[in-house]
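Listed below are the residues making up each chain.
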Amino acid sequence: RTLIKHIDGISDEGVKALSIPTGIPILYRLDRNLQPVDPFEQTRYMVEPRGYIWETSRNCGFTGSFLGSSERFAQIHKKKDTKHRDWQRVILLKLLSKVVSDDIQDVDSGSEEQQISTIELFEKLDYKMLEQPEYSKMHLLRQMKGELRELAKTNRHVTRVEYEAIVDRLYEENDGKVVDTFVPIKNVLLDEDDWYGEQVADRR
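These numbers come from a predicted model, not from an experiment.

Asks: Help me out: how do you make sense of the overall build of the protein chain in this one?
Replies: Along the protein chain, the regular secondary structure elements total nine helices and six strands. Split into buried and exposed, the 204 residues of the protein chain put 34% on the buried side. Of all intrachain contacts in the protein chain linking residues separated by at least 6 positions in sequence, the fraction that spans at least 24 positions is 69%. Counting every atom, the protein chain has about 12,900 Å² of accessible surface; 51% of that belongs to carbon and sulfur.

Asks: What should I look at first to understand the pattern of salt bridges in this one?
Replies: Pairing of side chains with opposite charge becomes possible as their charged atoms draw close. Throughout the structure, instances matching the rule amount to ten salt bridges. Its salt-bridge partner being Asp 38, residue Arg 58 comes within 3.3 Å of it at the nearest N-O pair. Here Arg 58, found in helix 4 (residues 55-58), pairs with Asp 38, found in the loop between strand 1 (26-27) and helix 3 (39-42); they are 20 residues apart in sequence, far enough to count as distant. A salt bridge links Glu 150 to Lys 153; the nearest nitrogen and oxygen atoms lie 3.1 Å apart. Classification of Glu 150 by relative accessible area gives partly exposed; the value is 46%.

Asks: Before we go on, may I ask you to explain the environment of Leu 141 in this structure?
Replies: Following the sequence through the fold, Leu 141 ends up in helix 7 (residues 139-151). A relative accessible area of 0% means that Leu 141 is categorised as buried. For Leu 141 and Arg 85, which are 56 residues apart along the polypeptide, the C-alpha to C-alpha distance reads 10.0 Å. Setting aside its immediate chain neighbours within four residues, Leu 141 contacts Gln 88, Ile 91, Leu 92, Leu 125, Met 129 and Tyr 135.

Asks: Is there a simple way to explain the packing of aromatic side chains in this structure?
Replies: The description of two aromatic rings rests on the distance between their centres and on the angle between their planes. Considering all chains together, one arrives at six aromatic pairs under this definition. The interplanar angle of 40° and the centroid separation of 4.5 Å between the aromatic rings of Tyr 52 and Phe 73 together place this pair among those described as tilted. Here Tyr 52, found in strand 2 (residues 52-54), pairs with Phe 73, found in helix 5 (residues 70-102); they are 21 residues apart in sequence, far enough to count as distant. The pair Tyr 52 / Phe 73 is uniform in exposure class, with both members buried. Ring centres of Phe 62 and Phe 66 lie 5.1 Å apart, and the angle between their planes is 20°; this geometry places the pair in the stacked category. On the accessibility criterion, Phe 62 (3% relative accessible area) is buried. By the ring-pair criterion, three or more aromatic residues cluster together here, those being Tyr 28, Tyr 52, Trp 54, Phe 62, Phe 66, Phe 73 and Phe 182. Over the aromatic face of Tyr 171 sits the side chain of Arg 85, whose NZ or CZ is 4.1 Å from the ring centroid.

Asks: Is there a simple way to think about the nonpolar core in this case?
Replies: For soluble globular proteins, the rule of thumb is that nonpolar side chains tend to be buried together. Counting 39 residues, the largest nonpolar core has Leu 92, Leu 121, Leu 125, Leu 141, Met 144 and Tyr 163 as its most contacted members. By residue number, the principal contributor to this core is helix 5, which donates eight residues. Beyond its immediate stretch of four places on either side in the chain, Met 144 contacts Leu 92, Leu 125, Tyr 163, Ile 166, Val 167 and Leu 170.

Asks: Is there a simple way to explain a nonpolar patch on the surface in this structure?
Replies: Together, Leu 3, Ile 7, Leu 30 and Leu 34 give the surface a local cluster of nonpolar side chains, amounting to about 410 Å² of exposed area. Locating Leu 3 in the fold gives a position in helix 1 (residues 2-8). Taking the relative accessible area as the measure of exposure, Leu 3 reaches 67% and is therefore exposed.

Conventions we followed
- For every chain, the first residue of the written sequence is number 1, and numbering continues from 1 onward in sequence order.
- The predicted origin of the model limits local features to residues at a pLDDT of at least 70 and limits the giving and counting of side-chain atom pairs to 80 or more, whereas totals for whole chains, interfaces and linings rest on all residues.
- The side-chain numbers reported here are obtained from all heavy atoms of the structure, hydrogens and water having been left aside.
- Elements are defined by DSSP. Helices are runs of H or I of four residues or more, strands are runs of E of two residues or more, and each kind is numbered from the N terminus.
- Only protein chains enter the calculation, and the probe is 1.4 Å; a residue is then buried if its accessible area is under 20% of its type maximum, exposed if over 50%, and partly exposed in between.
- Whether two residues touch is decided by their heavy atoms; if any such pair falls within 4.5 Å, the residues are in contact.
- The Shrake-Rupley method, run with a 1.4 Å probe, gives the accessible areas here. Residue values count only the displayed protein chains as cover.
- Criterion for a salt bridge: a side-chain nitrogen of Lys or Arg within 4 Å of a carboxyl oxygen of Asp or Glu.
- Here a pair means two rings of Phe, Tyr or Trp (six-membered ring of Trp) with centres within 6.5 Å. Their orientation is stacked below 30 degrees between planes, edge-to-face above 60, and tilted elsewhere.
- Over a ring means this: the NZ of a Lys or the CZ of an Arg is within 6 Å of the ring centre and within 35 degrees of the ring normal.
- Definition used in this section: a nonpolar core is a set of buried Ala, Val, Leu, Ile, Met, Phe, Trp, Tyr and Cys residues joined via side-chain atoms within 4.5 Å.
- Patch membership requires over 30% relative accessible area and the absence of a salt bridge. Like charges are linked within 9 Å, and nonpolar side chains (Val, Leu, Ile, Met, Phe, Trp, Tyr) within 5 Å.

This is the structure:
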């Protein structure tokens, strides 16, 4: 992380947020001024290996590329995606428990038929996402917020079972969609005329 921080000029906070796959070689290409070249720019004139980019890292200012096989990156993505979905599912279920515990109930709080305010669930989730910015970026939480918003238009209450069913459905529907995938840097080699045309177009 220290090397990446200095090569890419990433802040202390940024490098803490940077996600780096374990055991994956990192490739940097530098220009004549020893500044890192963006992977997308590499395709204009660089040779193999190209490597893979990961938007999760690029969002933190990382300009290197990762080297490895497509199978290896598919395994990493599946593992990370499952881990993140599991954690976001836990957050949503804890939200339900929090709303239930805050309410004054005449029935057992563990009852499957207990009626829970849809608006209260929505407001609690909305507050949590505002209070903790990292939550606002979580895919399942954003989708659940939309589900509760729509549900509140027609149903003032949901049962514990109905809420958990929504969480489970979102969990399954978003398999492979919660974490960014690794994208291969395409082997695009432009001839001189194509490159010159792009430069002219960029100046217009």
